[in-house]
Amino acid sequence: MSKKSILLRGGTLFTITQGILEKSDILVEDGIIKDIGEGLSISNDVKVVDVTGCMVTPGFIDPHTHIGLIEEGYPEDEESVNEATNPITPHLRVIDAINPYDRAFDDALLGGVTTVQVLPGSANVLGGQGAIIKTYGKIIDRMVRKFPSGMKAAFGENPKNLYRKKDRSPATRMAVAAILREALMSAQDYGRKKTEAEREGKTFDRDMKREALLPVLNQELPLRIHAHRADDILTAIRIADEFNIKITLEHGTEGDKIAGLLAERQIPVAYGPAITSRSKLELQNRSWEGAVKQFRQGVHLCFTTDHPVVPINHLVLHASLAASAGIPPNDALASITIKAAEHIGMEDQLGSIDRGKVADLLVWDGDPLDYMSHLLIVIVEGEVVIRRD
């Protein structure tokens with residue numbers, strides 16, 4: 001179906017920001033939510049979709065994935081998620097490696113995931129620039145909605161264990177922190193020299209790695225930090241303070257141990273993946289109780305599949321299990337909609353059913369957190385991309 005004016009008539013709307021609206025309509029024009037209310041009047045050229053008795057939610061958002069970088073069924077040497085040859089690779093851009101023909105994009109839509117952030121992997125201390133994309137489309141440049149969306153950094157087991165095997169630094173947590181500081185200090189010096197050269201009208205030799213870090217140092221982009229253990233999280237915060245940069249936490253497995261600090265500092269956490277085995281040391285203390293503790297102490301919490309660690313179509317399961325563990329259902333649903341949108345800096349466009357926001361909408365035949373419910377309609381930017389009659 002083409003991207004034209006649509007009216008969803010008579011549904012129960014889980015707006016996220018305005019509560020639940022019964023028997024209400026949503027008018028979509030040019031891919032944007034134009035109006036919400038009961039019995040909206042429309043012109044004859046608006047297509048009406050009767051959703052009476054159905055539940056309508058915003059499209060789901062996964063704030064941390066490797067979709068299109070690690071393709072299901074492909075051998076490991078085909079992966080493009082980690083340039084594991086140098087611990088400092090901030091100049092890498094995920095949009096140069098995402099394959100939009102990865103079948104996981106179809107799975108994402110079938111699971112109601114309409115927007116994702118794609119990040120490089122965690123093999124390197126600095127892994128490169130991430131992007132926010134839609135999960136519908138076949139040309140990556142047309143799917144991108146924000147690039148760059150952040151700079152990937154990694155603490156803990158992954159970088160130190162990988163490079164120890166290569167008999168090079170970093171081989172300890174101290175070295176991970178030192179290498180990150182060194183890269184940021186070098187970029188600071190580079191930025192000052194660049195500014196001075198521009199002021200004096202002199203030519204200046206550009207450096208891709210340092211250029212990529214300037215938006216982080218200028219607080220234009222967050223450092224999106226892979227960290228599980230509480231001590232790694234504290235080191236990340238320490239370095240963020242030293243360089244006055246913004247950070248988000250990706251995984252935050254032991255965030256419950258320092259939940260008060262995370263809440264006080266308003267550091268957002270993309271928790272997960274929470275439905276895997278405890279496959280390494282850093283995951284030994286992961287639990288749903290820990291996630292609930294973070295929520296109850298006021299940590300800004302959303303959930304991630306870390307696809308393909310957990311298949312992306314199971315994002316909603318994270319919210320369902322969070323609700324089962326003690327997070328109120330509306331807050332659990334918010335964790336994969338508006339909270340995820342805030343985590344990736346897209347809350348002005350995504351994450352709730354509000355006038356003026358992008359029309360990413362899901363229609364269900366029951367409670368979206370109930371595993372017995374079925375996803376009937378998926379709308380991405382006003383276009384119906386899946387419809388099950």
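Here is what the cut-offs are and how they apply
Residues numbered from 1 in each chain as written. Predicted model: local features only at pLDDT ≥ 70, side-chain atom pairs only at ≥ 80, totals over all residues. Heavy atoms only, no water. Helix = DSSP H or I, 4+ residues; strand = E, 2+ residues; numbered from the N terminus. Rg over C-alpha atoms; globule rule 2.2 N^0.38 Å. Buried < 20%, exposed > 50% of the residue type's maximum accessible area, 1.4 Å probe, protein only. Contact = heavy atoms within 4.5 Å. Areas by Shrake-Rupley, 256 points an atom, 1.4 Å probe, with all protein chains shown as cover. Lys, Arg positive; Asp, Glu negative; His and termini not counted. Charge placed at Lys NZ, Arg CZ, Asp CG, Glu CD. Pairing = 2+ DSSP bridges. Axes fitted to C-alpha atoms, helices over the stretch in contact; angles between N-to-C directions. Salt bridge = Lys/Arg side-chain N within 4 Å of Asp/Glu carboxyl O. Phe/Tyr/Trp six-rings, centres within 6.5 Å; stacked < 30°, edge-to-face > 60°.

The name that an unreviewed UniProt entry assigns to the protein is Imidazolonepropionase, with the source organism given as Acetomicrobium flavidum.

So, about the overall build of the protein. Each helix and strand counted, the protein has 11 helices and 18 strands in total. Relative to the globule expectation of 21 Å for 389 residues, the C-alpha radius of gyration of the protein, 22 Å, shows essentially globular dimensions. Considering only C-alpha atoms, the protein reaches an extent of 65 × 50 × 45 Å along its principal axes. A total of 389 residues make up the protein; the buried ones form 56% of that total. The long-range share in the protein, meaning contacts at least 24 apart out of those at least 6 apart in sequence, stands at 68%. For the protein, the computed accessible surface area is about 16800 Å², with 46% contributed by carbon and sulfur atoms. Of the charged side chains in the protein, 45 are positive and 55 negative; the average position of the first set lies 4 Å away from that of the second.

What the four strands build is an open sheet, ordered 6-7-9-10; its pairing is mixed. A strand with exactly one partner marks an edge of an open sheet, and here the two such strands are strand 6 (60-65) and strand 10 (144-146). The average undirected angle you get between the axes of adjacent strands in this sheet is 30 degrees.

Right, let's get into the sheet that holds strand 8 (residues 126-129). Read from one edge of the open sheet, six strands run 8-11-12-13-14-15, paired in mixed fashion. In this open sheet, the two edge strands, each paired with only one partner strand, are strand 8 and strand 15 (301-303). Along the sheet, successive strands turn relative to each other by an average axial angle of 25 degrees, direction set aside. Two strands pair when backbone bridges link them, and strand 13 (residues 247-251) and strand 14 (residues 269-271) are joined in this way by three bridges, in the parallel orientation. Counterpart to His-251 in the pairing with strand 14 is Tyr-271. In the packing of helix 6 (residues 230-243) onto the sheet, the strands contacted are strand 12 (223-227) and strand 13, and the crossing angle to strand 13 comes to about 165 degrees.

Moving on, we get to the pattern of salt bridges. Enumeration according to the criterion identifies 15 salt bridges in this entry. Here Arg-355 and Asp-35 are joined by a salt bridge, their closest N and O atoms 2.7 Å apart. Residue Arg-355 is located in the loop between helix 11 (338-343) and strand 16 (361-364), and its partner Asp-35 is located in strand 3 (residues 32-37); the two are separated by 320 residues in the primary sequence. According to the relative accessible area criterion, Arg-355 is partly exposed, its value standing at 48%. A relative accessible area of 25% places Asp-35 in the partly exposed class. Its salt-bridge partner being Arg-145, residue Glu-381 comes within 2.8 Å of it at the nearest N-O pair. Of the two residues, Glu-381 sits in the loop between strand 17 (375-380) and strand 18 (383-387) while Arg-145 sits in strand 10, which places them 236 residues apart along the sequence. Note on Glu-381: relative accessible area 16%, which makes it buried. Given a relative accessible area of 33%, Arg-145 falls into the partly exposed group. One salt-bridge network, in which partners are shared between bridges, spans Arg-173, Asp-232, Lys-280 and Glu-282.

Let us now look at helix 9 (residues 315-325). Taken residue by residue, helix 9 has Leu-315, Val-316, His-318, Ala-319, Ser-320 and Ala-322 as its buried positions. At its buried positions, helix 9 is contacted by strand 6, strand 7 (113-118), helix 8 (288-296), strand 15 and helix 10 (329-334). Just past helix 9, the residue Gly-326 takes up positive phi, approximately 135 degrees.

Here we take up the environment of Leu-7. Within the element layout of this structure, Leu-7 appears in strand 1 (residues 6-14). The sequence separation of Leu-7 and Ile-42 amounts to 35 residues, and the corresponding C-alpha distance is 8.1 Å. Residue contacts for Leu-7: discarding those within four places in its chain leaves Asp-25, Ile-26, Leu-27, Leu-40, Ile-42, Val-46, Lys-47, Val-48 and Val-49.

This part takes up the environment of Ile-239. With respect to the helices and strands, the residue Ile-239 is situated in helix 6. Taking the relative accessible area as the measure of exposure, Ile-239 reaches 1% and is therefore buried. For the pair Ile-239 and Gln-297, spaced 58 residues apart in the sequence, the C-alpha separation amounts to 24 Å. Apart from the residues lying within four places of it in its own chain, the contact partners of Ile-239 are Phe-155, Ala-177, Leu-180, Arg-181 and Leu-184.

A separate point is the packing of aromatic side chains. Tallied over the entire structure, the rule returns four aromatic pairs. Seen from their ring centres, Trp-288 and Phe-303 are 5.7 Å apart, and the 55 degrees between their planes marks the pair as tilted. Of the two residues, Trp-288 is situated in helix 8 and Phe-303 in strand 15; the sequence distance between them amounts to 15 residues. A residue is classified by how much of its surface remains accessible, and Trp-288, at 18% relative accessible area, is buried. Classification of Phe-303 as buried rests on a relative accessible area of 1%.

All right, on to unusual backbone geometry then. Going from Phe-147 to Pro-148, the amide bond is cis rather than trans, its omega being -10 degrees. Examined against the element boundaries, Pro-148 turns out to sit in the loop between strand 10 and strand 11 (151-154). Geometrically, the link from His-307 to Pro-308 is a cis peptide bond, its omega value of 10 degrees lying close to zero. Locating Pro-308 in the fold gives a position in the loop between strand 15 and helix 9. Phi angles above zero are rare outside glycine, and Asp-30 is one such case at about 50 degrees. Relative to the elements of secondary structure, Asp-30 occurs in the loop between strand 2 (20-29) and strand 3. Of the residues examined, Asp-30 reaches a relative accessible area of 69% and is grouped as exposed.

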